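Structure at a glance
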Amino acid sequence: MRVLLDETQLTTGVHGLADEIDRYYGNQRHLTVIAVMTGSLVLFADLIRRLSMPQRVGVVQASSYRGGTTSGQLHVDAKMMIDVSGRDVLLVDDIFDTGKTLDRLRSMMIEFGANSVKTAVLLHKQRDHAVELRPDFVAFEIPDEFVVGYGLDYLDMYRNLPYLAVLEPAEIEATASEQQP
Ligand SMILES: O=P(O)(O)OC[C@H]1O[C@H](OP(=O)(O)OP(=O)(O)O)[C@H](O)[C@@H]1O
Ligand code: HPA
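Reference entry: report on the structure contained in this document. The structure displayed is predicted, hence computed values, not measured ones.

Let's talk about the overall build of the chain
In terms of helices and strands, the chain carries 4 helices and 9 strands. Taking 181 residues into account, the globule formula puts the C-alpha radius of gyration at 16 Å, and the chain, at 16 Å, falls close to it. The principal-axis extent of the C-alpha atoms belonging to the chain is close to 50 × 35 × 30 Å. Per-residue burial for the chain yields a buried fraction of 34% across its 181 residues. The contacts in the chain between residues at least 6 apart in sequence include a share of 65% that link residues at least 24 apart.

Spelled out as structure tokens, the structure:
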């Protein structure tokens, strides 16, 4: 495993991201902040506590990397989500890779009647994206490699790592065989 961003760098990046969002919205405007689960949970907990405005907080589940390192069919479960109708919504996710997840969720928020929708991510992968959307707020640009830690997983492992690391091909293989039921 090769560390890409250590704890100090992540903290600095998240603080910078919060400052940028604060500058955009100010500290008076009410914001509905939605965590894209599961990957954003560590970032989300750190980010919302740094934001200054009054917030309503909710979650939406989106999953498309079941069992692999490449994007597949996207499943969204919005049953647990709070009402976004007429609200200014900020979607928070860990990574923008193909972009399909945030693109779909942004459209859904608009369909649900959101007044405005912005997107914030910790990581923006430098690759060709599958959509025109680009995230509004980004903490880090990263190379096109499969990363884990700070919420990001492979086969639901590694989310608890306090740093962000590149998972080497041999580790991907080893984890896959270890995780066989
Ligand atoms: O830009 P994209 O190519 O759409 O990839 C980004 C999405 O992929 C990951 O979620 P995943 O589907 O792995 O589910 P998880 O959050 O439960 O890990 C990640 O947390 C983002 O939500
Ligand atoms: O690089 C990644 N790592 C973990 N999960 C992901 N989901 C999209 N890209 C990634």
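Okay, back to it.
Structural notes on the sheet that holds strand E1 (residues 2-5)
The pairing of strands in a sheet happens through backbone hydrogen bonds and is either parallel or antiparallel. One open sheet holds the 3 strands; their spatial order is E1-E9-E8, and the pairing between them is antiparallel. For this open sheet the edge positions go to E1 and strand E8 (147-148), each flanked by a neighbour on one side alone.

Some remarks on the site of ligand 1
Neighbouring ligand 1 are 18 residues, the closest being Gly39, Tyr65, Asp97, Thr98 and Thr101. Sorting the residues of the shell around ligand 1 by element identifies strand E3 (55-63), strand E5 (88-96) and helix H3 (100-111) as the ones contributing at least two each. Ranked by the residues each element gives to the shell around ligand 1, the list is headed by E5, at 4 residues. Grouping the constituent residues of the shell around ligand 1 by class yields 5 nonpolar, 8 polar and 5 charged.

Thoughts on the pairing of strand E6 (residues 116-125)
Here E5 pairs with E6 via 8 bridges, running parallel. By the bridge assignment, Leu90 is partnered in E6 with Lys118. You can see the chain leave E5, run along H3 and come back into E6, and the turn it takes is right-handed. The pairing of E6 with strand E7 (residues 137-142) spans 5 bridges and is classified as parallel. In the strand pairing of E7, Ala120 is matched with Phe137.

Some points on the sheet that holds E3
The mixed open sheet is built from 6 strands, whose spatial order is E4-E3-E2-E5-E6-E7. The strands lining the two open edges of the sheet, one partner per strand, are strand E4 (75-77) and E7. Sheet twist, expressed as the mean angle between neighbouring strand axes with direction ignored, is 25°. Set on the sheet, H3 makes contact with strand E2 (31-37), E3, E4, E5 and E6; between it and E5 the angle comes to about 170°.

Procedures and definitions
- Residues numbered from 1 in each chain as written.
- Chains lettered and ligands numbered in written order.
- Predicted model: local features only at pLDDT ≥ 70, side-chain atom pairs only at ≥ 80, totals over all residues.
- Helix = DSSP H or I, 4+ residues; strand = E, 2+ residues; numbered from the N terminus.
- Rg over C-alpha atoms; globule rule 2.2 N^0.38 Å.
- Buried ≥ 20, exposed ≤ 12 C-beta atoms within 10 Å, placed from the backbone.
- Contact = placed C-beta atoms within 7 Å.
- Pairing = 2+ DSSP bridges.
- Near = placed C-beta within 6 Å.
- Nonpolar A, V, L, I, M, F, W, Y, C, P; charged D, E, K, R; others polar.
- Right-handed = clockwise from strand over helix to strand, strands pointing away.
- Axes fitted to C-alpha atoms, helices over the stretch in contact; angles between N-to-C directions.

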